[in-house]
Amino acid sequence: MNKRKIALFGGTFDPVHLGHTTVAAEACRRAGAEKVVFIPAKRSPLKGFLPKASDADRFTMIAIAIADEEHLEVSDFELNKPAPSYTLETVKQFQESYGSETSIHWLVGADGIEDLVYWHRIVELIDACHLTTMYRAGCEPPSFSRFERLWGRRRIEKLQRNIVQTPLVDISSTEVRNRLAAGRDVIDMLHPAVAAYIREHGLYPAKKAKET
Ligand code: ATP
């Protein structure tokens, strides 16, 4: 019997953009998952800075961005824990609540592959779930062959099997924040309701130009 599949999508989502929602929906379809659960992190253990927007604002922006998407959900699981949260703990918790008849996929963009070696107990994580890698604009197509000596052939084959060919959407939260800081528009990068929320709540304010 085919197991039920649930995909979890972690990140800082500062803010959530159309790249996130587009690849999540497509990864869901291609992996044959029932749904994708966005799991905003309090902070990334690997990013040297805190998110600019509050936990509550980042959560609300995701909820707004996915409101009309049947297969996308958001969870405040990691926001309610003391920082930092490790993916392995989150995966174990979701696995426990869904039960052994469900397989858990953890989505990651191709830009994250190099950093995987620094993830907390990465080998256990590879074994505990289906680490599912998505294509990302500006990055090489995902490949794990160079990690074979580190993680062993069986794990590499599992990682390779779980690559999903998602569309290339050339958007990042950094670019969104930079554009907003420069007072430029982000209409092509965000769900319109997310852009409106940012405006109404004064998030990511434009930096004043320096007087000369
Ligand atoms: P930042 O620019 O602040 O680093 P980001 O745009 O990479 O942010 P994150 O919240 O850090 O967004 O990303 C969460 C997850 O989504 C990561 O696994 C990342 O690789 C993936 N991701 C983000 N944007 C895209 C995109 N345009 N295409 C594919 N994957 C993406």
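The structure this text deals with has already been given above.
1. Thoughts on helix α1 (residues 18–31)
For step 1, the next point in the chain: Look at α1: 20 Å from first C-alpha to last across 14 residues, which is about the 20 Å you get at 1.5 Å a residue.
For step 2, the next point in the chain: Every buried residue belonging to α1 is among Gly19, His20, Thr21, Val23, Ala24, Glu26, Ala27, Cys28 and Ala31, and all of these are buried.
For step 3, the next point in the chain: In the stretch just after α1, glycine 32 is the one whose phi turns positive, near 70°.

2. Focus: the state of the cysteines
For step 1, the next point in the chain: Inspection of every chain in the model, using the stated rule, returns 0 disulfides.
For step 2, the next point in the chain: Free cysteine cysteine 28: the closest other cysteine sulfur is in cysteine 129, separated by 16 Å.

3. Comments concerning the side chain of arginine 179
For step 1, the next point in the chain: Mapped onto the elements, arginine 179 comes out in helix α7 (residues 173–181).
For step 2, the next point in the chain: By relative accessible area, arginine 179 is classed as buried at 14%.
For step 3, the next point in the chain: Apart from the residues lying within four places of it in its own chain, the contact partners of arginine 179 are Arg184, Asp185, Val186, Asp188 and Met189.

4. A closer look at the packing of aromatic side chains
For step 1, the next point in the chain: For the structure on display, the rule yields 7 aromatic pairs.
For step 2, the next point in the chain: With a centroid separation of 5.2 Å and an interplanar angle of 65°, the aromatic rings of phenylalanine 9 and phenylalanine 38 are classed as edge-to-face. Of this pair, phenylalanine 9 sits in strand β1 (residues 4–11) while phenylalanine 38 is found in strand β2 (residues 35–40), placing the two residues 29 residues apart along the sequence.
For step 3, the next point in the chain: Taking the relative accessible area as the measure of exposure, phenylalanine 38 reaches 0% and is therefore buried.
For step 4, the next point in the chain: Considering the side-chain rings of phenylalanine 144 and phenylalanine 147, the 6.4 Å spacing of their centres and the 45° angle between planes classify their relative orientation as tilted. No difference in accessibility class separates phenylalanine 144 from phenylalanine 147, as the two residues are buried.

5. So, the sheet that holds β2
For step 1, the next point in the chain: Across the sheet, which stays open at both edges, the 6 strands sit in the order β3-β2-β1-β4-β5-β6 with parallel pairing between neighbours. The open sheet has two edge strands with one neighbour each: β3 (72–74) and β6 (163–164).
For step 2, the next point in the chain: In this fold helix α3 (residues 87–98) packs onto β1, β2 and β4 (102–109), with an angle of close to 150° to the strand it touches most, β4.

6. Quick look at unusual backbone geometry
For step 1, the next point in the chain: Cis rather than trans, the peptide bond between aspartate 14 and proline 15 has omega equal to 0°.
For step 2, the next point in the chain: Structurally, proline 15 is set in the loop between β1 and α1.
For step 3, the next point in the chain: Unusually for a residue other than glycine, phenylalanine 13 sits at a positive phi of about 50°.
For step 4, the next point in the chain: Position of phenylalanine 13 relative to the elements: it lies in the loop between β1 and α1.
For step 5, the next point in the chain: You can call phenylalanine 13 buried: its relative accessible area is 2%.
For step 6, the next point in the chain: The backbone of tyrosine 204 shows a phi angle near 45°, a positive value even though the residue is not glycine.
For step 7, the next point in the chain: By the secondary structure assignment, tyrosine 204 is in the segment after α8 (192–201).

The rules we used
- Residues numbered from 1 in each chain as written.
- Predicted model: local features only at pLDDT ≥ 70, side-chain atom pairs only at ≥ 80, totals over all residues.
- Heavy atoms only, no water.
- Helix = DSSP H or I, 4+ residues; strand = E, 2+ residues; numbered from the N terminus.
- Expected span 1.5 Å × (residues − 1).
- Buried < 20%, exposed > 50% of the residue type's maximum accessible area, 1.4 Å probe, protein only.
- Disulfide = S-S within 2.5 Å.
- Contact = heavy atoms within 4.5 Å.
- Phe/Tyr/Trp six-rings, centres within 6.5 Å; stacked < 30°, edge-to-face > 60°.
- Pairing = 2+ DSSP bridges.
- Axes fitted to C-alpha atoms, helices over the stretch in contact; angles between N-to-C directions.

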